[in-house]
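As a plain string of letters, each chain reads:
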Amino acid sequence: MENSGASLFKEIPVGLDAFSEEEYFSQSTLLKEFTEIPTIEKAWTLKSNTVLGGSQIMFSISQPNLLENKKRRHVSYSHIAKERDDSVQFHWAAFPIEMGTASLMVPSPSGSKLLVVRTAENDSPTRFEIWSSSQVEREFHVPSSMHGSVYSDGWFEGISWNSDETFIAYVAEEPVSAKPTFTCLGGKKGNCPDKDCNSWKGQGDWEEGWGEAYAGKTLPKLFVININSGEVHAVDGIEKSVSVGQVIWAPSVKDSLQYLVFVGWPSGTRKFGIKYCTNRPCSLYAVRVTSFRSEPEQSATNANLLAVVLTESISGAFFPRFSPDGKFLVFLSSKCAVDSGAHNATDSLHRIDWSIDAEPCPHNKIVDVVPVVMCAEDGSFPGLYCSNILSNPWLSDGRTMILSSAWGSTLVVLAVDVLSGDVSRISPSTSEFSWDVLTLDCDNIIAVCSSPVDVPEIKYGYLVGNACDNTKWNWLDISSPITKCSEKVRSLLSSKEFCIMPIPVRDFCENLTKGANKPYEAIFASSKSKKHDACDPLIVVLHGGPHCVSLSSFSKSSAFLCSLGFSLLLVSYRGSLGFGEEALQSLPGRAGTQDVNDVLAAIDHVTSMGLADPSKIAAVGISHGGFLTTHLIGQAPDKFAAAAARNPVCNLALMVGTTDIPDWCYFEAFGSEAISNFTAAPSAEHLALFYDKSPISHVSKVKAPTLMVLGAQDLRVPITDGLQYAQALKENGAEVKVMMFPDDIHELDRPRTDFESFLNVGVWFKKYCS
């Protein structure tokens with residue numbers, strides 16, 4: 001039969017019209033200048049070997065390389081000189097040093113050595129290089145028969161020097177299992193060379209991995225390398241079903257037993273995706289490291305060689321850190337996330353007493369240092385929300401940790417007394433900028449400070465008084481070549497401003513908790529002056545998760561869109577991190593309604609203030625932000641002039657059977673009933689509920705021209721979700737453009753992909769919102 005709806009399809013023509021062609025040219029030139037702004041990833045403080053004394057800071061910096069479609073990484077060094085007038089000067093090296101193929105760099109505890117890891121590719125050996133201040137002292141090649149690539153992802157990643165700098169513990173993929181070999185005559189015994197043209201290797205059994213971003217990685221294991229001899233040993237005593245990460249050496253006295261402490265994730269009957277998911281049960285373990293001697297090793301079945309679970313009574317434990325004196329072990333817990341099912345939630349901080357001379361105990365008393373904050377009073381501490389902890393977070397008193405944590409829509413620097421539990425906000429309380437600690441210089445802090453319209457700047461903080469009083473911190477501006485941007489970018493951003501707005505809850509409900517009825521926040525960025533009393537078009541920027549947060553930190557893509565002449569509204573709807581656990585847990589079971597209403601209320605808030613033109617509003621978001629974007633244009637079709645959805649969740653009923661996190665679909669749709677309802681084979685009733693809560697149930701009402709940006713290798717929200725929605729839009733006569741990146745995963749963050757996707761977002765919004 002002839003398709004009666006075919007005439008309604010509105011295809012974007014191949015090639016560009018005159019308007020789009022000019023916009024592509026002008027916007028790509030500007031976007032290139034934003035893209036080139038460097039990003040500080042990490043920093044380390046090293047003791048200076050010069051006659052000047054003081055400290056030296058090593059910064060790890062990345063910058064997109066569009067031509068090679070990779071991130072270019074380099075290091076920059078600066079010597080810190082403290083003047084008599086209490087001022088601080090950073091003396092920078094003349095040029096940065098490119099690290100080429102290095103995947104990891106980790107200085108030794110003394111700062112006299114630097115480990116550089118160059119990760120294996122295509123079964124080539126992993127290279128370990130030990131650098132001194134002037135040369136490579138040692139280099140070791142570890143074959144793929146020992147282990148696969150070393151983990152450098154920031155979650156499983158763990159690299160730790162022991163105290164005397166003779167051994168390094170690290171996490172790497174276990175060796176690949178042997179595959180069957182075939183010839184034209186059938187099977188063949190034994191292995192054959194990879195390039196043998198008369199045979200081939202079969203696929204063997206499928207091995208379940210940890211989902212999105214971990215393609216080809218199934219079981220991270222623990223290894224130790226002797227940097228004097230180059231010997232590498234797998235650490236015995238760990239159950240094969242346990243995936244290992246975040247390893248550190250336990251403190252020890254000379255010639256005593258050596259232990260490693262690490263995070264272990266038991267795989268159970270199934271591995272779910274772990275990227276951005278702190279709700280996967282995990283524990284801290286301790287395992288004894290056997291010596292690298294020639295005499296026969298003791299059997300790993302010996303009880304004192306088996307890994308001991310240190311945190312039996314708590315369902316989630318990660319980022320272990322020992323106090324400087326070795327008397328206690330501190331760690332974060334994701335118990336709220338594990339127990340509730342939320343993929344991310346409010347953290348808590350805990351402490352275990354530790355004895356250097358005694359064997360680790362499986363029944364430790366776990367002391368609550370910073371408990372979960374359920375409902376924060378106005379302006380007070382909302383709880384811990386930490387994405388990482390420094391490898392050495394301690395001030396000289398040995399009890400004060402320095403952390404970065406979300407506080408509403410800002411990232412702040414906190415000082416936590418791990419003995420008393422006192423928490424102090426030490427970045428300026430009057431600043432709406434976001435502050436992120438990079439490293440410590442004794443009792444001083446090197447941090448980076450930025451805003452949506454201010455490129456990152458380095459700050460140096462020092463305490464006036466003493467660490468016990470935490471009386472006052474002063475912050476100095478540090479001139480840095482690292483954070484420079486072009487004059488054009490600086491000029492454009494200097495004409496912008498931002499503020500953080502509290503948004504009252506519009507659908508106040510007595511059935512909700514007190515914390516769930518408190519105001520949430522939105523960041524509004526705009527031009528400092530209006531032109532002829534007209535408002536710039538507004539882009540509503542929606543974060544994913546949903547249990548993440550839009551922070552008041554610098555984002556190249558958002559700053560680029562703002563510089564095109566758009567105002568931005570970044571909404572941290574209820575369910576976001578940084579506002580207490582009650583507000584966060586109010587969203588599950590109400591996804592697609594409460595979060596949608598919160599965004600609409602935030603839009604109405606700024607339009608009622610005369611800050612936005614109701615006829616020129618667009619929305620953009622990725623993942624759950626794309627879920628909200630597509631929900632908004634369906635539920636409020638007359639409110640939006642255009643939309644862009646990046647790897648969006650459009651149909652939970654389709655996604656639940658294909659995603660690496662089907663439990664997420666259940667949790668956001670069912671709420672507290674998710675755990676009892678979850679199944680790998682959803683019933684018709686479950687599928688109907690998923691569909692009703694999905695944007696595709698409103699697709700027939702969509703009017704806004706919609707840009708879909710999809711990564712073909714996405715395991716989190718597989719492309720079928722976005723493609724089905726795009727086809728449904730076409731059937732209903734809505735204008736839609738689909739961009740497909742064949743080699744990209746969920747984040748869409750490879751340099752060319754990030755560049756091209758936001759270039760198209762800018763052109764799309766200019767076309768329909770100007």
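Sequence order as written defines residue numbering, which begins from 1 separately in each chain. In keeping with the model being predicted, local features are shown solely for residues with a pLDDT of at least 70 and side-chain atom pairs are shown and tallied solely at 80 or more, while totals for entire chains, interfaces and linings include all residues. Only hydrogens and water are removed before side-chain values are computed, so all heavy atoms of the structure are retained for them.

What to know about the UniProt feature "domain: Peptidase S9 prolyl oligopeptidase catalytic" (unreviewed entry) in the protein chain
UniProt positions are given in the numbering used here, feature names are shortened, and annotations may be inferred rather than shown by experiment. As annotated in UniProt, the feature "domain: Peptidase S9 prolyl oligopeptidase catalytic" (unreviewed entry) corresponds to residues 553–768 in the numbering used here. Starting at the N terminus, helices and strands are each numbered in turn, a helix being any DSSP run of H or I of at least four residues and a strand any DSSP run of E of at least two. A distance of 28 Å separates the end C-alpha atoms of residues 553–768, which is 44% helix and 13% strand.

Topic: the sheet that holds strand S39 (residues 736–741)
Neighbouring strands of a sheet are bound in pairs by backbone hydrogen bonds; such pairs are parallel or else antiparallel. Two strands qualify as a pair provided that DSSP identifies no fewer than 2 bridges between them. What the eight strands build is an open sheet, ordered S32-S33-S35-S34-S36-S37-S38-S39; its pairing is mixed. Since the sheet does not close on itself, it has two edges, and those belong to strand S32 (496–503) and S39, each with one partner. The mean angle between the axes of side-by-side strands here comes to 15 degrees, regardless of whether they run parallel or antiparallel. Two strands pair when backbone bridges link them, and strand S36 (residues 617–622) and strand S37 (residues 642–646) are joined in this way by five bridges, in the parallel orientation. Each bridged residue has a counterpart across the sheet, and for Ile 622 the counterpart in S37 is Arg 646. Two residues form a contact once any of their heavy atoms are found within 4.5 Å. Throughout, an axis means a line fitted to C-alpha atoms (over the contacting stretch in the case of helices), and angles, computed between N-to-C directions, take values from 0 to 180 degrees. Packed on one face of the sheet, helix H12 (residues 719–731) meets strand S38 (706–711) and S39 and runs near 155 degrees to S38.

Considerations on the sheet that holds strand S20 (residues 308–309)
One open sheet holds the four strands; their spatial order is S17-S18-S19-S20, and the pairing between them is antiparallel. Since the sheet does not close on itself, it has two edges, and those belong to strand S17 (242–249) and S20, each with one partner. Pairing analysis gives two bridges linking strand S19 (residues 283–288) to S20, with the strands arranged antiparallel. What sits directly across from Tyr 285, in S20, is Val 309.

Concerning the domain arrangement of the protein chain
Throughout, the edges of the domains are those of an automatic or database domain assignment. Domain assignment breaks the protein chain into domain 1 (121–129 + 141–176 + 206–291 + 302–371) and domain 2 (496–650 + 693–767). One C-alpha centre belongs to domain 1, the other to domain 2, and the line joining them spans 37 Å. On the domain 2 side, the residues contacting the 15 residues of domain 1 number 16 residues. In short, buried area is how much 1.4 Å probe accessible area vanishes from two parts on joining, totalled over both. Carbon and sulfur atoms make up 52% of the surface buried where domain 1 meets domain 2, a total of about 1100 Å² over both sides. It is Glu 212, Tyr 276 and His 343 that lose the most area in domain 1 upon contact with domain 2, and together they represent 47% of the buried surface on that side. For this document, the term salt bridge refers to a Lys or Arg side-chain nitrogen within 4 Å of an Asp or Glu carboxyl oxygen. Here domain 1 and domain 2 share zero salt bridges between them. Within 3.5 Å is the distance limit for a polar contact, defined as a pair of N or O atoms, with the added protein rule that one can donate a hydrogen and the other accept it, and that residues adjacent in sequence qualify only through two side-chain atoms. The interface formed by domain 1 and domain 2 contains seven residue pairs in polar contact (both at pLDDT 80 or more). Note on residue categories: nonpolar means Ala, Val, Leu, Ile, Met, Phe, Trp, Tyr, Cys or Pro, charged means Asp, Glu, Lys or Arg, and polar means any other residue, Gly included. Here the residues of the side of domain 1 that touches domain 2 sort into seven nonpolar, six polar and two charged.

Quick look at the pattern of salt bridges
Here the structure, examined in full by the defined rule, presents 24 salt bridges. The salt bridge involving Lys 240 is made with Glu 174; its shortest N-O contact spans 3.1 Å. Pair noted here: Lys 240 is in the loop between strand S16 (232–234) and S17 and Glu 174 is in the loop between strand S11 (167–173) and strand S12 (181–183), with a separation of 66 residues, a long-range link. The shortest N-O distance in the salt bridge between Asp 660 and Arg 716 comes to 2.8 Å. A residue pair is termed long-range when its members are at least 10 positions apart, and Asp 660 in the loop between helix H8 (652–655) and helix H9 (662–670) and Arg 716 in the loop between S38 and H12 qualify at 56 residues. The pair formed by Asp 660 and Arg 716 is uniform in burial state, with each residue classed as buried. Overlapping salt bridges bring together Arg 118, Arg 127, Glu 129 and Glu 139 as one network. Exposure categories follow from relative accessible area, calculated using a 1.4 Å probe and restricted to protein chains: below 20% of the type maximum is buried, above 50% is exposed, and the middle band is partly exposed.

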